[in-house]
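Listed below are the residues making up each chain.
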Amino acid sequence: MFYSSILARKLSLGLMVFPLLLGCTGTEVPDDVTDETITLALNWYPDSQHGGFYAAEHFGFFKDEGLQVKIEPGGPGAPVVQNVGLGRVAFGVGNADQILLAREQQIPLVALMASMQNSPRCLMVHQESGITSFEQLKGIKLALGAGKSFAKFLSQDGVLKDVQVVPYTGSVAPFLADPQFGQQAYVFSEPYVVEQRGAHPVCLMVSDRGFNPYSSILFTNEELLQEKPEVVAKIVRAVRRGWLAYLNDPEPVNQKIQKDNPEMNLEALSYGAKAIADLCLPAALAKADIGTMTDARWDELKQQLTEIELVSEDLSPSQSYSLQFLQPLEASP
Amino acid sequence: MKQFARVVLTRVAPPLIASAVFVGLWAVAIQLFQVKSFLAPMPGDVWRVFVRERETLWHACWLTGQAAVFGLLLSVVCGFVVAAVFSQSKIVRYSLYPYAIFLQTVPIVAIAPLLVMWFGYGGSGVIAVAFILSVFPIIANVTEGMTSVPRSLHELFDLNRASRWQRFTKLQVPYSLPYLVTGVRTSSGLSVIGAIVGEFFVGYGGDGFGLGYLIRVTAERFQTDQLFAAVILSTLLGVMIFAVVSFVAEKCLSRFRAI
């Protein structure tokens, strides 16, 4: 009968939502921050952009601080922000714009350190397309992830008006198949992969257009920061040391990364480690200051996100990050 | 007037009351379990989104709805033709039926690159996905209908020395129509799902964004109230197509019903 089917649909919708709600009880302090294992959730498949985290594990920096850390690989759709926001996971990795977007929705995240000072985000096109700058972007299909802040920024910037934006599914296959196809990429990752398969990629850095959020940020839940700041301090210190160690000696760490992500080969990871060095430690930055962040950069990002209508004017960025663990690193014991 | 009142009381009021109860339970559950707003929004927040973003939502619903309806119509036509062929030859049916099942079970993510290659990005690709998801119930149900005609009716046609064509058009087709209706009812929801999933993979360009795109974008930006609005609208779209199909079916097929 007609109306009982509608009722059935509504009931089944309710039944589907209910188990979700049952998982959402009480406390904010992550269940896993005891003397036991702390989880660090990555935002994507393990890659050179996570080198510092794996290095901290490999070289025993977490152990030095008396902590047991488990790195959890991510992927497309991995709910890192939600998990950290709900307190299911202690630490997560993400980009600065995600932190502000989360805060806009009252998700209580706090950024602790920035693995990459400069964003690796770029648009990758074929040399054959003849495109060498953003102004020349026309007549191609461009695969961009739905809802990404940088995509809205570029769109508002006016450089996407002559391209056909299509969904990005995470595979480089459509790019390889068509010289009039471009896609989003991280400068140290996809370009190398497609080059190995015979393509000639050209990268247009989004930061050149002025959108440059901190990347591969380590973040945690506000509640954990308030209740156990000493644990947070230890994790941040270990991770910062990890990044310096990774940039110094990436090979053994890359083997660990590959174990968690067999799709990556070691050459690609090696290339990635070299290419990421500039982004993590730009020339002007002292090694002891690795991971540092500034109020000015966060304010600028907030301003940009407000202009493209992703966050409201009255969002206060200062709640979204903490500079208290970013003193110059002492030389290791 | 009394007829109208009866219709309202028996067909319209119950689902509305059920909806009100459901919305009430939803609000209570969120308060009771202290569910965070970014996990599940309050009904009031979702309502505000419907009001505030009604133009965007309407535009997206219209686009997705078009793709779903075209996909559904295509699957009815093609499904019917395939079922007709299946009903006429056991050999053809036994050899090709498994491929029809393939259409139901193949994961769209696996064939998305093929679909893009054949149909390109945009409306035709989305309609193709909606078609693929909705065609199997039509094929299965109509084939079942055409091959389930009682022996006695076939014998009646034998007695009157009916040709194959007459048997097909005057017996098998009318007999299968209620089965077709069942198939289309099943496929009405599937066509909406197909249109939405299609948008995930073969999407639109420019400002052609449907409900699938909205779902993706709002999820990416943790805008759970807007996400719920898009999802609810998708559900309503499926319900609406189901309702229209049922109405048309009742009007057209009342004379074929035995009961």
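Residues numbered from 1 in each chain as written. Chains lettered and ligands numbered in written order. Predicted model: local features only at pLDDT ≥ 70, side-chain atom pairs only at ≥ 80, totals over all residues.

I'd like to hear about the overall build of chain B, residue by residue, with values.
Within chain B, the regular secondary structure consists of 10 helices and zero strands. Its helices and strands taken in sequence order, chain B reads α-α-α-α-α-α-α-α-α-α from the N to the C terminus. For chain B, the C-alpha atoms occupy an extent of roughly 70 × 55 × 30 Å along the three principal directions. Per-residue burial for chain B yields a buried fraction of 39% across its 259 residues. Long-range contacts, defined as pairs at least 24 residues apart, comprise 78% of the intrachain contacts of chain B with a sequence gap of at least 6. (Helix = DSSP H or I, 4+ residues; strand = E, 2+ residues; numbered from the N terminus. Buried ≥ 20, exposed ≤ 12 C-beta atoms within 10 Å, placed from the backbone. Contact = placed C-beta atoms within 7 Å.)

I'd like to hear about the nonpolar core, residue by residue, with values.
Ranked by size, the top nonpolar core spans 157 residues in total, and within it Leu142, Ile217, Leu218, Phe219 and Val239 of chain A together with Val129 and Ala130 of chain B carry the most contacts. For this core, the element with the most residues is helix H6 (residues 123-147) of chain B, which contributes 15 residues. Setting aside residues no more than four positions away along its own chain, Ile217 of chain A makes contact with Val93, Gly94, Asn95, Ala96, Ile99, Ala111, Ala114 and Ser115 of chain A. (Core = buried A, V, L, I, M, F, W, Y, C linked by C-beta atoms within 7 Å.)

Lay out unusual backbone geometry in plain terms, naming residues and giving numbers.
Its identity is not glycine, yet Gln106 of chain A carries a phi of approximately 60 degrees, on the positive side. Topologically, Gln106 of chain A is positioned in the loop between helix H5 (96-104) and strand E4 (109-116). Although it is not a glycine, Gln34 of chain B sits at a positive phi angle of roughly 50 degrees. Here Gln34 of chain B shows up in the loop between helix H1 (2-32) and helix H2 (43-52).

Please give an account of the sheet that holds strand E1 (residues 37-41) of chain A that cites residues and values.
Residues and elements named next belong to chain A. On the basis of which strands lie adjacent, the open sheet formed by five strands has the order E2-E1-E3-E10-E4 and mixed pairing. Among the strands making up the open sheet, the edge pair consists of strand E2 (68-72) and E4. For this sheet, the mean angle separating the axes of adjacent strands, direction not counted, is 25 degrees. Summarising the sheet, E1 and E2 pair through five bridges and their orientation is parallel. In the strand pairing of E2, Leu40 is matched with Ile71. (Pairing = 2+ DSSP bridges. Axes fitted to C-alpha atoms, helices over the stretch in contact; angles between N-to-C directions.)

Provide a residue-level description of the packing of helix H8 (residues 164-202) of chain B against helix H10 (residues 224-253) of chain B, including the pertinent values.
Working note: a packed helix pair is described by the angle between its axes plus the distance between those axes. Residues and elements named next belong to chain B. Two elements in contact, H8 and H10, have axes separated by 9 Å at closest approach and are oriented at 160 degrees. Comparing their axes, H10 and H8 come out roughly antiparallel. Of the two possible hands of crossing, H8 and H10 adopt the one that is right-handed. Residues Leu177, Pro178, Val181, Val184, Arg185, Ser188, Gly189, Ser191, Val192 and Ile196 of H8 form the contact with H10, whose participating residues are Ser234, Leu237, Gly238, Ile241, Phe242, Val245, Ser246, Ala249 and Leu253. Taken together, the residues that form the contact of H8 with H10 break down as 12 nonpolar, six polar and one charged. (Parallel < 35°, antiparallel > 145°, perpendicular 65-115°, else oblique. Left-handed = near helix turned anticlockwise from the far one by under 90°. Nonpolar A, V, L, I, M, F, W, Y, C, P; charged D, E, K, R; others polar.)

Any details on the pairing of E4 of chain A? Residues and values, ideally.
All names here are of chain A. Of all the eight residues making up E4, eight are buried; the element is thus mostly covered by neighbouring parts of the structure. Bridge count between E4 and strand E10 (residues 215-221): six bridges; the pairing is antiparallel. Paired with Leu109 across the two strands is Asn221, which belongs to E10.

Would you mind going over the environment of Tyr214 of chain A in detail, with residue names and values included?
Residue and element names in this part refer to chain A. Mapped onto the elements, Tyr214 comes out in the loop between strand E9 (201-205) and E10. Residue Tyr214 is classed as buried on the basis of its 26 C-beta neighbours within 10 Å. Along the primary structure Tyr214 and Ser115 are separated by 99 residues, whereas in three dimensions their C-alpha atoms are 7.7 Å apart. Leave out the neighbours within four places in its chain, and Tyr214 touches Ala96, Ala114, Met116, Gln117, Met293 and Arg297.

How would you explain the domain arrangement of chain A if you had to name every residue and give the values?
Residues and elements named next belong to chain A. Domains assigned within chain A are domain 1 (37-118 + 213-320) and domain 2 (121-209). Computed over C-alpha atoms only, the centres of domain 1 and domain 2 are separated by 25 Å. At the interface, 16 residues of domain 1 touch 12 residues of domain 2. Looking at the side of domain 1 that touches domain 2, the elements that each hand over two or more residues are H5, helix H12 (266-280) and helix H13 (295-307). A per-element tally of the side of domain 1 that touches domain 2 places H12 first, with five residues. Of the residues in the side of domain 1 that touches domain 2, the class split is nine nonpolar, five polar and two charged. (Domains from an automatic or database assignment.)

How would you explain the confidence of the model for chain B if you had to name every residue and give the values?
Of the residues in chain B, 96% reach a pLDDT of 70 or more, and the chain-wide mean stands at 89. Scored as a whole, the predicted complex attains pTM 0.86, and scored at its interfaces, ipTM 0.84. (pLDDT = per-residue confidence, 0-100.)

Quick rundown of the sheet that holds strand E5 (residues 121-126) of chain A? Include the residues and the values.
Residues and elements named next belong to chain A. Spatial ordering of the open sheet is given by E7-E6-E8-E5-E9, a layout of five strands whose pairing is mixed. In this open sheet, the two edge strands, each paired with only one partner strand, are strand E7 (164-167) and E9. Between one strand and the next, the sheet's axes are offset by a mean angle of 35 degrees, whatever the strand orientation. Both strand E6 (residues 141-144) and strand E8 (residues 181-186) contribute to a ladder of three bridges, which runs parallel.

Tell me about the pairing of E8 of chain A, residues and numbers included.
Residue and element names in this part refer to chain A. Of all six residues in E8, five are buried, a share of seventy percent or more. When E5 meets E8, the two strands line up antiparallel, connected through four bridges. Across the sheet, residue Met124 finds its bridge partner in E8, namely Gln183.

How would you explain helix H6 (residues 149-157) of chain A if you had to name every residue and give the values?
Residues and elements named next belong to chain A. Within the sequence span of H6, burial applies to Ser149, Phe150, Ala151, Lys152, Phe153 and Leu154. Buried residues along H6 sit against H5, E5, E6 and H13. Gly158 sits one or two positions beyond H6 and adopts a positive phi of about 90 degrees.

I'd like a rundown of the domain arrangement of chain B, residues and numbers included.
Interface size is often expressed as the accessible area that is lost when the parts come together. Residue and element names in this part refer to chain B. When its domains are assigned, chain B resolves into domain 1 (1-35) and domain 2 (38-253). Between domain 1 and domain 2, the C-alpha centre-to-centre distance is 28 Å. Residue-level contacts link five residues of domain 1 with four residues of domain 2.

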